[in-house]
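Per-entry structural report
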Amino acid sequence: QVQLVESGGGLVQAGGSLRLSCPASGSIFSINSMGWYRQAPGKERELVAIISSGGNTIYADSVKGRFTISRDNAKNTVYLQMNSLKPEDTAVYYCNAEIVNYRGYPRRGYWGQGTQVTVSS
């Protein structure tokens, strides 16, 4: 019904930058919040940043001042600009979106397949 496909991950040195993108496609009537989560080996998945349909944002304390989440509602796409990357940012990054598939339907949460971000020291 809905596909979220992350891109933009890769290997970068500490202090470098990456920009992740995640377009949503399929049966979409509207999109509420969109967000980025990450999961490092041996750890639970954690919230990185979230943005509402109106543009309000929330960030994890660990990324405040370094990461910026944004969205293009016309393209159903969420972005994550990551600057001043640290080795502890190494993880698989997943995008998430709360989507209403059809008018009058309840919203549902969808996940992408994840993209690896590796920061070398």
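Residues numbered from 1 in each chain as written. Predicted model: local features only at pLDDT ≥ 70, side-chain atom pairs only at ≥ 80, totals over all residues. Heavy atoms only, no water.

Attention shifts here to the sheet that holds strand β3 (residues 18-26). Judged by pairing direction, the sheet is antiparallel, and its four strands sit side by side in the order β1-β3-β8-β7 without closing on themselves. Only two strands of the sheet have a single neighbouring strand rather than two, namely β1 (2-4) and β7 (67-72). On average, each strand axis in the sheet is tilted by 10° relative to the strand beside it, whichever way the strands run. Two elements, β1 and β3, share three bridges in a ladder whose sense is antiparallel. Within β3, the position partnered with V2 by the bridge is G26. (Pairing = 2+ DSSP bridges. Helix = DSSP H or I, 4+ residues; strand = E, 2+ residues; numbered from the N terminus. Axes fitted to C-alpha atoms, helices over the stretch in contact; angles between N-to-C directions.)

A word on the nonpolar core. Grouped together as the largest cluster of nonpolar side chains are 29 residues, with contacts concentrated most on W36, V48, F67, V78, L80, M82 and Y93. The set of elements that each furnish at least two residues to this core consists of β1, β3, β4 (30-39), β5 (46-51), β7, β8 (77-82), β9 (91-100) and β11 (115-120). Broken down by element, this core gets its largest block of residues, five residues, from β9. Other than its neighbours up to four places away in sequence, V48 contacts W36, Y37, R38, I58, Y59, A60, V63, F67, L80 and Y93. (Core = buried A, V, L, I, M, F, W, Y, C linked by side-chain atoms within 4.5 Å. Buried < 20%, exposed > 50% of the residue type's maximum accessible area, 1.4 Å probe, protein only. Contact = heavy atoms within 4.5 Å.)

All right, on to the packing of aromatic side chains then. The final tally for this structure, using the stated rule, is two aromatic pairs. Plain terms: the ring middles of Y37 and W111 are 4.9 Å apart, the flat faces sit at 65° to each other, and that makes the pair edge-to-face. Placement of Y37 in strand β4 and of W111 in strand β10 (residues 107-111) is noted, with a sequence separation of 74 residues between them. Sitting over the ring of Y94, R45 keeps its end group 3.7 Å from the ring centre. (Phe/Tyr/Trp six-rings, centres within 6.5 Å; stacked < 30°, edge-to-face > 60°. Lys NZ or Arg CZ within 6 Å of the ring centre and 35° of its normal.)

Another point: unusual backbone geometry. Of note, the phi angle at N76 is positive, near 50°, even though the residue is not glycine. Along the chain, N76 turns up in the loop between β7 and β8. Relative accessible area serves as the criterion here: at 24%, N76 is assigned to the partly exposed category. Its identity is not glycine, yet S84 carries a phi of approximately 50°, on the positive side. Summarising the element assignment, S84 is placed in the loop between β8 and β9. For S84, a relative accessible area of 41% corresponds to the partly exposed category.

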